[in-house]
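Descriptive analysis of the structure
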Amino acid sequence: QVRLQESGPGLVKPSETLSLTCTVSGASITTIDYYFAWIRQAPGKDLEWLGTIGFAGHNYIGSSLRSRTSISRDTAKNQFTLHLSSVTPEDTAVYYCAGTGPRPTYTLVPNEYQWWGQGTQVTVAS
């Protein structure tokens with residue numbers, strides 16, 4: 001069974017960088033044609049895809065967040081980490097990590113990811 005678990009701070013200050021780590025078990029983040037993503041949901045809003053890291057480590061980042069978003073990974077620990085810089089209160093949301101088995105390329109559609117973490121609340125405030 002594939003399990004994903006988010007970890008990181010629940011509160012960050014404006015202008016700082018948010019880093020959230022996803023630990024994956026039951027599947028390898030380096031398996032060919034697997035993709036792993038970060039997705040968030042702000043209060044009263046739809047799910048928003050932030051970015052995906054591919055099996056070879058490539059980043060695919062949404063255009064509106066590309067300038068301040070990156071995803072890194074630690075293959076030995078089977079973990080990948082979101083880095084979101086210059087945060088503002090508009091970044092307050094529940095953040096999810098998600099993944100999917102083999103597909104031809106990454107997807108920006110949240111429903112196409114098979115495996116989801118439980119989500120972690122992140123509040124940006126002074």
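That block above? That's the structure.
Residues numbered from 1 in each chain as written. Predicted model: local features only at pLDDT ≥ 70, side-chain atom pairs only at ≥ 80, totals over all residues. Heavy atoms only, no water.

1. Observations regarding the pattern of salt bridges
Pairs can form between side chains of opposite charge whenever their charged atoms are close. What counts is decided by this rule: Put simply, a salt bridge is a Lys or Arg side-chain nitrogen that is within 4 Å of an Asp or Glu carboxyl oxygen. For the exposure calls, accessible area comes from a 1.4 Å probe over protein chains only, and a residue counts as buried if that area is under 20% of its type's maximum, exposed if over 50%, partly exposed in between.
Tallied over the full model, the rule gives four salt bridges. Glu48 is the partner of Arg40 in a salt bridge, and the nearest nitrogen-oxygen pair spans 2.8 Å. Arg40 gets classed as buried once you look at its relative accessible area, which sits at 7%. When the shortest N-O distance is used, the salt bridge between Arg103 and Glu112 registers 3.4 Å. For Arg103, a relative accessible area of 21% corresponds to the partly exposed category. Here Glu112 falls in the partly exposed class, since its relative accessible area comes to 37%. Overlapping salt bridges bring together Arg40, Glu48, Arg68 and Asp91 as one network.

2. Brief notes about the packing of aromatic side chains
For clarity, the cut-off: Ring geometry is summarised as follows: Phe, Tyr and Trp rings, the Trp one being its six-membered ring, pair when their centres sit within 6.5 Å, and such pairs are stacked at plane angles under 30 degrees, edge-to-face over 60 and tilted between the two. Helix and strand definitions here come from DSSP, where helices need a minimum of 4 consecutive H or I residues and strands a minimum of 2 consecutive E residues; each element is numbered from the N-terminal end.
Enumeration according to the criterion identifies eight aromatic pairs in this entry. Ring centres 6.0 Å apart and planes at 20 degrees place the aromatic pair Trp49 and Tyr106 in the stacked group. Highlighted residues: Trp49 in strand 5 (residues 48-54) and Tyr106 in the loop between strand 9 (93-100) and strand 10 (115-116), separated in sequence by 57 residues. Through successive ring pairs, a cluster of aromatic residues spans Tyr34, Phe36, Trp38, Phe80 and Trp115.

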